[in-house]
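A structural walkthrough
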2 protein chains.
Amino acid sequence: MNSLDSILKRTEAELSSISFTDEPVSLYDPITYILSLGGKRIRPALTLIGCNIYSENIDAAVKPALGIEVFHNFTLLHDDLMDGADRRRNRKTVHKVWSPNVAILSGDAMLIASYRLIGKTPAPYLSVVLDLFTKTALDICGGQQYDMEFEQRMDVTEQEYIRMIEMKTAVLLACALKIGALIGGASLHDADLLYNYGIDLGLAFQLQDDLLDVYGDPESFGKNIGGDIISNKKTFLLLNALRMVEGEERDRVLGWLCRIDCDPERKIAYFTELYSKLGIKELTEQRIAYFYTEAKHNLSALQIADERLCVLKEISEKLMYRQV
Amino acid sequence: MNSLDSILKRTEAELSSISFTDEPVSLYDPITYILSLGGKRIRPALTLIGCNIYSENIDAAVKPALGIEVFHNFTLLHDDLMDGADRRRNRKTVHKVWSPNVAILSGDAMLIASYRLIGKTPAPYLSVVLDLFTKTALDICGGQQYDMEFEQRMDVTEQEYIRMIEMKTAVLLACALKIGALIGGASLHDADLLYNYGIDLGLAFQLQDDLLDVYGDPESFGKNIGGDIISNKKTFLLLNALRMVEGEERDRVLGWLCRIDCDPERKIAYFTELYSKLGIKELTEQRIAYFYTEAKHNLSALQIADERLCVLKEISEKLMYRQV
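**Some details on the interface of chain B and chain A**
Between chain B and chain A, the contact holds 34 residues from the first and 34 residues from the second. Where the side of chain B that touches chain A is concerned, the elements lending two or more residues are helix 2 (25-35), helix 4 (62-83), helix 6 (100-118) and helix 7 (123-151) of chain B. A total of 15 residues in the side of chain B that touches chain A trace back to one element, the largest contributor, which is helix 7 of chain B.

As C-alpha cells, then:
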C-alpha cells in the first residue's frame, strides 16, 4: 500500500505533467494557469486512496483522478467569474488576467477536458463511472445555483443549507472516493458505503470551513479571516445567528448585512462577538463532530480488512484538523 | 429504411420529450427554453440517418443524437453570451431573459447534460463515441476562440478561416454522422469516410451561410439579410474583399469597418456592391461547389449499397439549397 505522502506526491507529479497540445494555445493557457495555482489536491488523492484500498496497482485510477481535479478547478474558474472574485490563492482570477469571455470559453474547454480524462477509465467501469461523474457534475451546478439564490434570501433553513453544501461540495469528495474504489475492484456495496462516507466527510469539511473563516488561524487556514463575514456569505454560522436573533439585535444584524461601505474590522468584530454570545461556535463544532461520526459509521460496515483503511483515515483526520 | 420526413419528425418528438427532473428547476428552465426555440435539427437527424444506413433499428442512436443537439444548443447559449447577442430565432437570448450568471451556469449544466445523453451510447461503442464527442467538443471551443480572435484581426487568411469554420461548424456535423454510423454497426473505414463527408458538407454549408447573409431570400433564410455585414463579421466574403482591395478602396472598406454609428442600409448596400464588383459571389459559389463535390467523393468509396444513402443525399441537397 502507498503511504499518504506518496499518494499526494504522485497526484502533484501527475497534475504537473498534464499538458494541452491542442490548438489554439490561447484557449488552454488559462487552464494551465489555474491548475498551477495549487490547492490541497484532496479530490484526486481520494480517488487514488479509494483505488488503493482494493488494489495494489493504482495506475488505472490516475487519469480519472486528474479528471476530477480538472473538473474541480473548472468549477472554481466559472464560480469566480459568477461571484466577481478578483483573487484566488493570492493570484488574480482568470477573468481578471484575461477577460470574462476567456473565462467562459476556457472554462468550457476545461469541463470537456475533465471528461476526456474520465473517459480514460478502464472499459469495464467506464459506463458506471461516467454516470456517477455526470450526476455529480449536475449536482454541483445545482449547488452553485442554490448558493447564488441564497444570497438574495434571509430565510434559508439549516436543512436547505446542508442540502446546498452537500450538492456543491460533498458530492465531489464522495464521487472521487467511489470512482477510485470502483476502479480498484470494490463491490458496489463497499463503493456506496465509501460514497456515503465522502458525503458526511464533505459536510463536516464544509462546516469546518465556515467555522475557520471566523475562528481559524490565518497562517494555517490559508485565507483571510472574516472573508465570509465581509461578503455576507450565508454560512452555517450566519444562518443560525439569523434564526436566533430577535428585535433590536436582529435589526442590528440586518443593518450590517445591508451596509455597503463599512469598516471591515468592526464588522468582523461584531459578528465574531455575536456568534460567541449565541453559542454558535459550539453549535457548529457539534454539527461537525456529528457528521464526522456519521461518516465513520460507514467504514465499519465495509467488507475489507481494517488496515487497508489507514490512509483514508489519515487524510480524513488531517482534513478535519486542517494539516493537509 | 426511414424516410427523411420520418427521421425529422422522430428527432423533433424525441427532443420535445426531454425533461429535466433534477433540482433546482431554476437551473433547468433556461435549458428547456433554448431547446424550445427550434432550429433545423440537422445534427441529430444526421446521427439517426448515419445509423439507419447500417441498421434498420435506429433506437440505440436516439439518445446520442439528442446529446449532440443539446451540446449544439449549449454552444449557442454560451456563444450568444460571449457575443453579447440579444436575440436568437426571434426570441430573447438566455442571458437577456435571465442574467449572464444564469447563462453561464445553465450552459454548464447543459454541456454536462449532453454528456449524460452521449453516455447512453450502447456499451460496445461507448468508449469510441465518447472520445470522438470530446475531441469534437474541444475543437468547437477552439473554433469559437479563433472566431473571437479574428474579430481583432484584418489579416486573416482564407486557410485560417477554413480551419476556423471546420472547427466551429463542420466537425459537429461530421461527428454527428460518424457516431450514428458507428452505433449502426459501420466499419471504422466507412465511419471515417462519413466523417470526412460531414467535414466537407459542413464547410460548404458554412460558406453558403456566409453567402446567404448577403444574397439570400430573407423569407427562406430565416435571418435578416446583412447581419454579418452590420456586425463586421469576418466572413469568407469579407476576407476575400479585404485581400483584393487596395489604395482608396481599401481605406473606404476599413472606414466602414471602423465606423460605429452608421446607416445599416447604406453599409449593406456598399458591401453588397463591392462583393459584386469584385466577383466574390462567384468565388464563394465556386468554393461551395468544390467542397460539396469533395464531400460526395467520400460516398462513392463506402462499402454499402448505394440505395442506403438516399436519405443522406436528400438531406444534403436540402441543406445545400436550404429547403430544410
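Don't stop here, the text continues.
**A look at the confidence of the model for chain A**
Per-residue pLDDT for chain A has a mean of 95; in total, 99% of the residues score no lower than 70. This prediction of the complex comes with two scores: 0.96 for pTM and 0.96 for ipTM.

**Examining the packing of helix 8 (residues 158-184) of chain B against helix 9 (residues 188-215) of chain B**
Residue and element names in this part refer to chain B. Where helix 8 contacts helix 9, the two axes come as close as 7 Å, and the packing angle between them is 140°. Taken together, the axes of helix 8 and helix 9 are oblique relative to one another. Judged by the sense of rotation from one axis to the other, the crossing of helix 8 with helix 9 is right-handed. Across the interface between the two elements, I162, I165, E166, T169, A170, V171, L173, A174, L177, K178, A181 and L182 from helix 8 touch D190, A191, L194, Y195, Y197, G198, I199, L201, G202, L203 and Q206 from helix 9.

**Comments concerning the relation of the copies chain B and chain A**
Between the two copies, chain B and chain A, the superposition gives an RMSD of 0.0 Å; the rotation angle is 180° and the shift along the axis is 0.0 Å. Taken together, the rotation angle and the small translation identify this as a two-fold axis. The fraction of interface residues of chain B whose copies in chain A are also interface residues reaches 100%, indicating that both copies meet through the same surface.

**Describing the packing of helix 12 (residues 236-244) of chain B against helix 15 (residues 280-300) of chain B**
Residues and elements named next belong to chain B. Where helix 12 contacts helix 15, the axes come no closer than 10 Å and their chain directions differ by 125°. Relative to helix 15, the element helix 12 is oriented oblique. Remark: the crossing between helix 12 and helix 15 carries right-handed chirality. Contacts between helix 12 and helix 15 involve F236, L237, N240 and A241 from the first element and I280, L283 and T284 from the second. Tallied by class, residues from the contact of helix 12 with helix 15 come to 5 nonpolar, 2 polar and no charged.

**Some thoughts on helix 15 of chain B**
An α-helical turn contains 3.6 residues, so a residue and the one three or four places further along point in the same direction. Residue and element names in this part refer to chain B. Over its 21 residues, helix 15 extends 31 Å from the first C-alpha to the last, a length consistent with the 30 Å expected when each residue adds 1.5 Å. Among the residues making up helix 15, those that are buried are I280, T284, R287, I288, F291, Y292 and A295. On an axial view of helix 15, the arc spanned by its buried residues comes to 130°, and they lie on one face. The exposed residues of helix 15 that point more than 90 degrees off its buried face are E282, Q286, T293, H297 and S300. Tucked inside the fold, the buried residues of helix 15 contact helix 9, helix 12, helix 14 (264-277) and helix 16 (310-320).

**Re unusual backbone geometry**
Here E23(A) and P24(A) are connected by a cis peptide whose omega angle stands at -15°. By secondary structure assignment, the location of P24(A) is in the loop between helix 1 (4-16) and helix 2 (25-35). Of note in the backbone geometry, R89(A) takes a positive phi value of approximately 50° without being a glycine. Here R89(A) shows up in the loop between strand 1 (87-88) and strand 2 (91-92). By the C-beta count within 10 Å, which is 13 here, R89(A) ends up partly exposed. If you check the backbone angles, N232(B) has positive phi at about 55° while not being a glycine. Mapped onto the fold, N232(B) is located in the loop between helix 11 (227-230) and helix 12.

Rules used throughout
Residues numbered from 1 in each chain as written. Chains lettered and ligands numbered in written order. Predicted model: local features only at pLDDT ≥ 70, side-chain atom pairs only at ≥ 80, totals over all residues. Contact = placed C-beta atoms within 7 Å. Helix = DSSP H or I, 4+ residues; strand = E, 2+ residues; numbered from the N terminus. pLDDT = per-residue confidence, 0-100. Axes fitted to C-alpha atoms, helices over the stretch in contact; angles between N-to-C directions. Parallel < 35°, antiparallel > 145°, perpendicular 65-115°, else oblique. Left-handed = near helix turned anticlockwise from the far one by under 90°. Least-squares fit on C-alpha atoms with pLDDT ≥ 70 in both. Nonpolar A, V, L, I, M, F, W, Y, C, P; charged D, E, K, R; others polar. Expected span 1.5 Å × (residues − 1). Buried ≥ 20, exposed ≤ 12 C-beta atoms within 10 Å, placed from the backbone. Arc of directions from axis to C-beta.

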